[in-house]
Amino acid sequence: MSVTTGIQFIKGVGPQRAEQFGRLGVATVEDLVRLYPRAYADWSAPLTVSQAPLGEPCCIKARLLAPFAEHRVRKGLTLYKANADDGKSGLLQITLFNNRYLAQKPQAGEEYLFYGRTAGNLLRKEMASPEIEPASFAKIRPIYRQTEGLSSRVIEGAVQKAFALTQDLRDPLPQTVLEAYGLMPLEQALRQIHFPDSMETMEAARRRLVFEELFLLQAGLSQLKARSRGETSCLFSQDTTRDFAARLPFSLTGAQRRVIAECAADLQKGRPMNRLVQGDVGSGKTAVAAALCHMAAANGFQAAMMAPTEILAEQHYRSLSGLLKGTGVTVGLLTGSAAKAEKERVKAALLAGDIQLLVGTHALLQETVAFRRLGLVVTDEQHRFGVGQRAALAAKGDNPHMLVMSATPIPRTLALIIYGDLDVSVIDELPPGRQPVETYAVSTKLRQRAYGYIQKHLDEGRQGYVVCPLVEEGETELIPAAQYAEKLQKGPFRDYRVGLLHGRMKPAEKEAVMRRFSHGEIQLLVSTTVVEVGVDVPNAVIMVVENAERFGLSQLHQLRGRIGRGEHQSTCILISDARNPEALRRLKVMRDTADGFQIADEDLRLRGPGDFFGSRQHGLPDLKIADMMEDMEVLRQTQRAVRPILEADPSLLNPAHAPLKAAVERLFGESIASMN
Ligand code: ADP
Ligand code: MG
């Protein structure tokens with residue numbers, strides 16, 4: 001028995017419970033002891049009746065005056081009521097529902113602790129369905145996130161038993177670090193985070209576990225980034241921007257020129273470029289990528305561009321092929337859904353050097369994809385890729401240059417951590433002639449008028465989107481996209497060609513729909529958020545977003561970026577009946593602001609950084625206990641603490657670092673293990 005033992009071997013946890021725990025991501029004993037409580041019920045410092053705050057969970061110590069009295073209200077509803085007296089400030093009326101068993105346990109005249117929410121007024125307080133323990137209980141009790149069939153109490157019991165099996169738990173933090181930063185040893189910290197002696201020891205335990213998590217994060221990121229300190233044989237000594245720009249149907253904006261020049265300078269240095277290009281939707285990042293791929297080819301190197309979805313990969317393939325037309329650069333496409341023979345053909349051409357720019361999805365990461373001379377790796381919409389996936393693609397060349405393109409503005413402090421040694425370029429200018437999208441927020445009462453407005457534009461030869469939120473299971477008030485599309489096609493849009501795009505469609509089906517839309521065969525596209533990232537149809541000028549309150553600000557901004565991409569004035573109509581202030585605030589920001597960076601700031605302010613980071617946006621490992629903003633100070637400490645260790649032992653091969661190495665690999669997954 002060890003910490004890697006499956007939890008079904010813990011006493012009292014059978015296969016069924018194990019399956020329920022599986023839904024919380026818990027498979028082993030170690031997973032279980034690292035399933036941290038989300039809050040605590042403090043029974044150790046009970047309050048008097050008058051001290052108890054209304055509406056918040058609290059613990060009150062009081063003497064039961066008389067046994068619970070039974071009140072049968074109706075069939076199926078029996079109340080048990082009793083009064084308790086704290087001897088100082090007043091009476092607490094306690095009510096239990098349908099629970100004779102619980103009502104019979106407490107003895108009149110004895111002192112008890114009652115834990116629950118109080119209601120009432122200053123003179124008279126009540127507590128419904130409290131938990132009841134003897135007055136000597138005095139513990140701090142963990143509260144866990146529950147899942148169906150698993151109550152917090154059941155989890156608590158299993159965690160308690162799991163500690164019988166943790167003898168071989170090894171602390172990933174080196175002893176020297178524990179001492180230097182005054183941290184609790186692992187086992188003690190785990191016990192204290194679940195069953196703290198006091199709130200102070202819980203805080204100390206939390207600090208240690210936060211430290212550990214951020215330490216592992218820093219260690220992993222540093223290892224992944226170490227490659228950039230190396231040298232590269234990829235020298236792009238020839239700057240071909242002029243030749244490239246001369247062939248374009250438009251002239252590059254000043255910002256595009258500046259960013260290309262910043263990259264070109266990196267490419268001539270003999271060290272791999274690691275650059276993040278941030279630019280709002282529509283700022284023309286693709287042309288920047290094309291210029292650099294052109295430069296790679298002209299200098300005898302191949303380039304790879306990886307996109308998060310097939311739709312985007314195929315679209316990039318088309319636009320890059322267009323932008324590079326006549327330059328002699330051959331562009332290839334590799335996605336998972338291509339026919340086997342086609343894949344083989346592309347791979348062979350790549351290896352022979354006949355393809356100079358390969359565009360694709362994750363399919364590029366396969367082992368069988370080999371380049372003749374990879375010199376530049378471009379990833380689009382970086383938040384969909386893990387840090388490790390980028391590294392895996394780079395590993396197909398000899399320290400190739402890396403360009404990461406992102407339309408998601410990231411606040412500077414966070415960028416410094418995530419992209420520690422990535423240089424940042426910003427495309428802060430839109431191509432000329434763009435008219436800002438006019439945005440309106442309206443109630444569902446105006447939906448018919450919105451339809452009429454769409455029709456007017458379709459009649460003029462333009463196209464439009466109707467976006468509906470992803471339908472979650474069990475929600476009946478939302479119409480699934482498919483049904484909605486049918487309703488529109490049979491009703492108000494019977495004379496128009498309506499198409500449908502949603503996440504459950506096969507990639508090939510999605511692609512077919514997108515192709516028909518971009519060729520103008522579909523006039524109105526009903527879609528879930530799959531249309532969100534990077535889709536480019538300049539003739540689409542109107543977008544209606546249903547249940548707009550269900551989308552985050554950044555998401556709405558990305559969606560809106562699908563229109564206003566051509567010469568025509570575009571309009572975005574956000575439909576919502578939401579009344580809550582936060583939703584109204586979001587709609588107002590969308591109406592008033594077109595600037596992506598400003599919207600990202602506002603998004604961060606409204607949602608809070610925890611959410612920002614929790615949502616896997618950056619391809620970073622999920623953090624269980626640390627909060628990047630709240631724990632900023634600890635984060636700085638871990639940055640300092642990691643450095644000397646990795647300087648002395650970059651691949652963590654020292655046997656004393658084995659637990660650290662294993663823990664980093666656990667946090668980052670395969671990608672980092674394969675690098676060492
Ligand atoms: P994003 O930064 O969102 O990826 P794209 O690269 O898709 O933006 O560019 C948006 C549109 O603007 C495309 O249709 C592209 O051809 C066009 N475009 C890019 N640069 C310029 C420019 N300098 N002048 C005019 N149009 C441009
Ligand atoms: Mg793009």
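Rules used in this analysis
- Residues numbered from 1 in each chain as written.
- Chains lettered and ligands numbered in written order.
- Predicted model: local features only at pLDDT ≥ 70, side-chain atom pairs only at ≥ 80, totals over all residues.
- Heavy atoms only, no water.
- Helix = DSSP H or I, 4+ residues; strand = E, 2+ residues; numbered from the N terminus.
- Buried < 20%, exposed > 50% of the residue type's maximum accessible area, 1.4 Å probe, protein only.
- Contact = heavy atoms within 4.5 Å.
- Areas by Shrake-Rupley, 256 points an atom, 1.4 Å probe, with all protein chains shown as cover.
- Core = buried A, V, L, I, M, F, W, Y, C linked by side-chain atoms within 4.5 Å.
- Salt bridge = Lys/Arg side-chain N within 4 Å of Asp/Glu carboxyl O.
- Phe/Tyr/Trp six-rings, centres within 6.5 Å; stacked < 30°, edge-to-face > 60°.
- Lys NZ or Arg CZ within 6 Å of the ring centre and 35° of its normal.
- Pairing = 2+ DSSP bridges.
- Axes fitted to C-alpha atoms, helices over the stretch in contact; angles between N-to-C directions.
- Near = heavy atom within 4 Å.
- Polar contact = N/O pair within 3.5 Å; in protein donor to acceptor, adjacent residues only side chain to side chain.
- Left-handed = near helix turned anticlockwise from the far one by under 90°.
- Nonpolar A, V, L, I, M, F, W, Y, C, P; charged D, E, K, R; others polar.
- Parallel < 35°, antiparallel > 145°, perpendicular 65-115°, else oblique.

Engineer: What is the right way to look at the overall build of the chain in this model?
Structural biologist: Within the chain one finds 24 helices and 22 strands. Burial statistics for the chain: of 676 residues in total, 52% are counted as buried. Taking contacts inside the chain between residues at least 6 apart in sequence as the whole, the part at least 24 apart equals 73%. For the chain, the computed accessible surface area is about 31,100 Å², with 50% contributed by carbon and sulfur atoms.

Engineer: Any chance you could explain the side chain of Thr 95 here in plain terms?
Structural biologist: Note on placement: Thr 95 falls in strand E5 (residues 91-97). Leaving out residues up to four positions away in the same chain, Thr 95 has contacts with Leu 79, Tyr 80, Lys 81, Met 127, Ala 128, Ser 129 and Pro 130.

Engineer: In this structure, what is going on with the nonpolar core? I would like to understand it.
Structural biologist: Among soluble globular proteins, nonpolar side chains are generally buried collectively. One finds Phe 21, Leu 32 and Phe 215 to be the most contacted residues of the largest nonpolar core, which totals 59 residues. Secondary structure elements with two or more residues in this core: helix H1 (15-22), helix H2 (29-33), helix H4 (152-162), helix H5 (175-180), helix H6 (186-194), helix H7 (199-225), helix H22 (632-648) and helix H23 (658-668). Ranked by residue count, the leading element in this core is H7, at 12 residues. Ranked by size, the runner-up nonpolar core spans 43 residues in total, among them Phe 236, Ala 296, Leu 320 and Val 329.

Engineer: Could you clarify how one ought to interpret the pattern of salt bridges in this entry?
Structural biologist: Think of it this way: side chains of opposite charge can pair up when their charged atoms draw near. Taken as a whole and assessed by the stated rule, the structure comprises 27 salt bridges. Here Asp 266 and Lys 269 are joined by a salt bridge, their closest N and O atoms 3.7 Å apart. According to the relative accessible area criterion, Asp 266 is buried, its value standing at 8%. When its relative accessible area of 59% is taken as the criterion, Lys 269 is described as exposed. A salt bridge links Arg 515 to Glu 314, with the shortest nitrogen-to-oxygen separation between them at 3.5 Å. One end of the pair, Arg 515, is in helix H17 (residues 507-518); the other, Glu 314, is in helix H11 (residues 310-323), with 201 residues separating them in the sequence. The exposure class assigned to Arg 515 is partly exposed, which follows from its relative accessible area of 35%.

Engineer: Looking at this model, I keep getting lost on the packing of aromatic side chains. Mind explaining?
Structural biologist: Geometrically, a pair of aromatic rings is defined through the distance of the ring centres and the angle of the planes. Enumeration according to the criterion identifies 9 aromatic pairs in this entry. With centroids separated by 5.0 Å and ring planes inclined at 55 degrees, the aromatic side chains of Tyr 465 and Phe 517 adopt a geometry described as tilted. Here the residue Tyr 465 occupies a position in strand E18 (residues 463-467), and Phe 517 occupies one in helix H17, the gap between them amounting to 52 residues. Here Tyr 465 and Phe 517 have matching classes, each one buried. An aromatic cluster is defined as three or more aromatic residues linked by ring pairs; in this entry it consists of Trp 43, Tyr 115 and Phe 137. Taking NZ or CZ as reference, Arg 373 lies 4.0 Å from the ring centre of Phe 301, over its face.

Engineer: Can you walk me through the sheet that holds strand E19 (residues 498-501) in this structure?
Structural biologist: The pairing of strands in a sheet comes from backbone hydrogen bonds and takes either a parallel or an antiparallel form. Across the sheet, which stays open at both edges, the 6 strands sit in the order E17-E22-E21-E18-E20-E19 with parallel pairing between neighbours. For this open sheet the edge positions go to strand E17 (438-442) and E19, each flanked by a neighbour on one side alone. Going from strand to strand, the sheet's axes swing by 20 degrees on average, the running direction of each strand aside. Relative to strand E22 (residues 571-575), E17 runs parallel, the two being bridged by 5 bridges. Residue Thr 439 lies in a different strand from E22, and its bridge partner there is Cys 572. Along the sheet face, helix H19 (residues 581-592) touches E17 and E22 and points at about 155 degrees away from the line of E17.

Engineer: How do you make sense of the site of ligand 1 when you look at a structure like this?
Structural biologist: Close contacts around ligand 1 come from 16 residues, with Gln 256, Gly 282, Lys 285, Thr 286 and Arg 434 the closest. Contacts to ligand 1 include Gly 282, whose backbone N or O atom sits 2.6 Å from an oxygen atom. The separation between an oxygen atom of ligand 1 and a polar side-chain atom of Thr 286 is 2.6 Å. When isolated, ligand 1 has an accessible area of 570 Å², and the protein chains bury 81% of it.

Engineer: Could you clarify how one ought to interpret the sheet that holds strand E12 (residues 331-334) in this entry?
Structural biologist: Pairing is parallel in the open sheet, where 7 strands are placed in the order E12-E13-E11-E14-E15-E10-E16. Two strands close off the open sheet at either side, each with one partner strand: E12 and strand E16 (423-427). For this sheet the average axis-to-axis angle between neighbouring strands, irrespective of direction, equals 20 degrees. For strand E11 (residues 302-306) and strand E14 (residues 374-380), the ladder comprises 5 bridges, and the chain directions are parallel. Across the sheet, residue Ala 304 finds its bridge partner in E14, namely Val 377. The strands touched by helix H9 (residues 254-267) within the sheet are strand E10 (274-279), strand E15 (401-406) and E16, with E16 carrying the most contacts at an inclination of about 160 degrees.

Engineer: Looking at this structure, how should I read the packing of helix H18 (residues 553-560) against H19?
Structural biologist: The relative placement of two packed helices comes down to the angle between their axes together with the axis-to-axis distance. It is the contact of H18 with H19, at a shortest axis distance of 10 Å, that shows an interaxial angle of 35 degrees. Of the two elements, H18 crosses H19, and the hand of that crossing is right-handed. The segment H18 lies against H19, with Leu 553, Leu 556, His 557 and Arg 560 engaging Arg 586, Val 589 and Met 590. In the contact of H18 with H19, the residues fall into 4 nonpolar, 1 polar and 2 charged.

Engineer: Mind showing me how you'd approach H18 here?
Structural biologist: Owing to its 3.6 residues per turn, the α-helix aligns residues three or four sequence positions apart on the same side. Along H18, 6 of the 8 residues are buried, which leaves the element largely enclosed by surrounding structure. Every buried residue belonging to H18 is among Leu 553, Leu 556, His 557, Gln 558, Leu 559 and Arg 560, and all of these are buried.

Engineer: What should I look at first to understand the side chain of Arg 560 in this one?
Structural biologist: Among the structural elements, Arg 560 can be located in helix H18. The residues contacting Arg 560, other than those within four sequence positions of it, are Val 437, Thr 439, Met 543, Cys 572, Met 590, Thr 593, Ala 594 and Ile 599.

Engineer: Explanation requested: the packing of H11 against H17 in the structure shown.
Structural biologist: Across the interface, H11 lies against H17 with an axial gap of 9 Å and an inter-helix angle of 45 degrees. With respect to H17, the element H11 is oriented oblique. Classified by chirality, the crossing of H17 by H11 is right-handed. Residue-level contacts link Glu 310, Ile 311, Glu 314 and Arg 318 of H11 to Pro 507, Lys 510, Glu 511, Met 514 and Arg 515 of H17. For the contact of H11 with H17, the residue count by class is 3 nonpolar, no polar and 6 charged.

Engineer: Can you help me understand the pairing of strand E6 (residues 111-120) in this one?
Structural biologist: The side chains of a regular strand alternate, first on one face of the sheet and then on the other. Two strands pair when backbone bridges link them, and strand E2 (residues 57-64) and E6 are joined in this way by 7 bridges, in the antiparallel orientation. Looking at E6, one finds that Arg 63 is bridged to Glu 111. By the bridge criterion, 4 bridges tie E6 to strand E8 (residues 131-134) in an arrangement that is antiparallel. In the strand pairing of E8, Tyr 115 is matched with Glu 131. Pairing of E6 with strand E7 (residues 125-128), which is carried by 3 bridges, proceeds in the antiparallel orientation.

Function cannot be inferred from these measures alone, as they are strictly geometric.
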